[in-house]
Amino acid sequence: AVRTVFICYPVFLNVTEQVEQNMAMSKRVVLEMLCAVLLRLLSPSHFDALAQYSFLPGITEGIVAEDVVPECAMPLCNAVLSLTEVLLEPSSAESDADGPEIVEEDTARVCMLIIGAISSCASNESDASSNDLCGALLSCALARVLTTSETWCIISENMPSRVLEIYANATSFLFNISATPVYASQD
């Protein structure tokens, strides 16, 4: 947990002011943190293709496109899964009044970033087994978002071909890891 804090520290700097002003984290703050972590998981080429669709004023400007260090990827993927759960959990009427509601555009943004992060796992050639684990964790987050979404439209008619390639790469990667046999260890 401490390691994740150090890894994510620059990502959360912009959010700190909002949290200090209102100690209860609204869904909007969770959404911003989730998008910031997902942008951090994107490879530079994926970042360039998807960042324009994921711009959040005050949050995403400071995130630089660079490859994630392999030992940082798994804690960040765990953070994505946890933040997704917090974002999608049912809220009470009191907490709904704390901030703006999460809308379908936000859900589509999160889906696009998760798919981009999954595709980035496929593109990263450092450690195949940890990439598979990261992809599996991210697929759980994606499934959670898709099962709670009211609409399933994450591809628009005017989607650039580069984004469609990222989607196809993520689909292929998930198919490959789902079809890979898992053997019991002989420990």
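Residues numbered from 1 in each chain as written. Predicted model: local features only at pLDDT ≥ 70, side-chain atom pairs only at ≥ 80, totals over all residues. Heavy atoms only, no water.

Looking at this structure, I do not really get the confidence of the model for the chain. What am I missing?
Note that predicted coordinates carrying low pLDDT should not be read in detail. Put simply, the chain has an average pLDDT of 75, and 66% of its residues get 70 or more. Here residues 13-23 scores under 50 on pLDDT; set against residues more than four positions off or in separate chains, the count is nine contacts. (pLDDT = per-residue confidence, 0-100. Contact = heavy atoms within 4.5 Å.)

What should I look at first to understand the packing of helix H2 (residues 27-41) against helix H4 (residues 70-88) in this one?
Describing two packed helices takes the angle between their axes plus the distance from one axis to the other. Relative orientation of the contacting elements H2 and H4 amounts to 155°, with a least axis distance of 9 Å. In this view, H2 runs roughly antiparallel relative to H4, as classed from their interaxial angle. Judged by the twist between their axes, the crossing of H2 over H4 is left-handed. Across the interface between the two elements, Lys27, Val30, Leu31, Met33, Leu34, Val37, Leu38, Arg40 and Leu41 of H2 pack against Ala73, Leu76, Cys77, Val80, Leu83, Thr84, Val86, Leu87 and Leu88 of H4. Per-class residue counts for the contact of H2 with H4 are 15 nonpolar, one polar and two charged. (Axes fitted to C-alpha atoms, helices over the stretch in contact; angles between N-to-C directions. Helix = DSSP H or I, 4+ residues; strand = E, 2+ residues; numbered from the N terminus. Parallel < 35°, antiparallel > 145°, perpendicular 65-115°, else oblique. Left-handed = near helix turned anticlockwise from the far one by under 90°. Nonpolar A, V, L, I, M, F, W, Y, C, P; charged D, E, K, R; others polar.)

For this particular structure, what's the right way to read the pattern of salt bridges?
Pairing between side chains of opposite charge can happen when their charged atoms approach one another. All chains considered together, the criterion is met by five salt bridges. A salt bridge links Glu105 to Arg109, with the shortest nitrogen-to-oxygen separation between them at 3.5 Å. Taken as a pair, Glu105 and Arg109 lie in helix H6 (residues 104-123) at a separation of four residues, close to a single helical turn. Using a relative accessible area of 57% as the deciding quantity, one classes Glu105 as exposed. A relative accessible area of 10% means that Arg109 is categorised as buried. (Salt bridge = Lys/Arg side-chain N within 4 Å of Asp/Glu carboxyl O. Buried < 20%, exposed > 50% of the residue type's maximum accessible area, 1.4 Å probe, protein only.)

What is the right way to look at the environment of Leu83 in this model?
Relative to the helices and strands, Leu83 resides in helix H4. Spatially, the C-alpha atom of Leu83 lies 7.9 Å from that of Leu31, the residues being 52 residues apart in sequence. Setting aside chain neighbours within four positions, we find Leu83 in contact with Val30, Met33, Leu34 and Val37.

I'm lost on the packing of H2 against H6 in this one. Help?
At a minimum axis distance of 9 Å, the contact between H2 and H6 shows a crossing angle of 25°. Comparing their axes, H6 and H2 come out roughly parallel. Crossing hand, H2 versus H6: left-handed. Two secondary-structure elements touch here, H2 through Arg28, Leu31, Leu34, Cys35, Leu38, Leu39 and Leu41 and H6 through Asp106, Arg109, Val110, Leu113, Ile114, Ala117 and Ser120. Looking at the contact of H2 with H6 residue by residue, the classes come out as ten nonpolar, one polar and three charged.

I'm lost on the environment of Ile177 in this one. Help?
Structurally, Ile177 is set in helix H8 (residues 161-179). It is 9.7 Å that separates the C-alpha atoms of Ile177 and Asn131, two residues lying 46 residues apart in sequence. With residues near it in sequence (within four places) discarded, Ile177 still touches Asp132, Gly135 and Ala136.

I'm lost on the side chain of Thr84 in this one. Help?
By the element assignment, Thr84 lies in helix H4. Excluding residues that lie within four positions of it along the chain, Thr84 makes contacts with Leu34, Ala141, Arg144 and Val145.

Please clarify how the environment of Glu104 should be interpreted in this entry.
As for its placement among the helices and strands, Glu104 is situated in helix H6. As for Glu104 and Ser149, which are separated by 45 residues in sequence, their C-alpha atoms are 7.4 Å apart.

Help me out: how do you make sense of the nonpolar core in this one?
For soluble globular proteins, the rule of thumb is that nonpolar side chains tend to be buried together. Counting residues in hydrophobic clusters, the biggest one holds 46 residues, and the most contacted among them are Leu38, Leu41, Val80, Val110, Ile114 and Leu138. Elements represented by at least two residues in this core include exactly H2, helix H3 (44-50), H4, H6, helix H7 (128-148) and H8. Broken down by element, the residue count for this core peaks at eleven residues, all from H2. When near neighbours in sequence (up to four residues on either side) are disregarded, Leu41 contacts Val68, Ala73, Leu76, Cys77, Val80, Ala117, Ser120 and Leu138. (Core = buried A, V, L, I, M, F, W, Y, C linked by side-chain atoms within 4.5 Å.)

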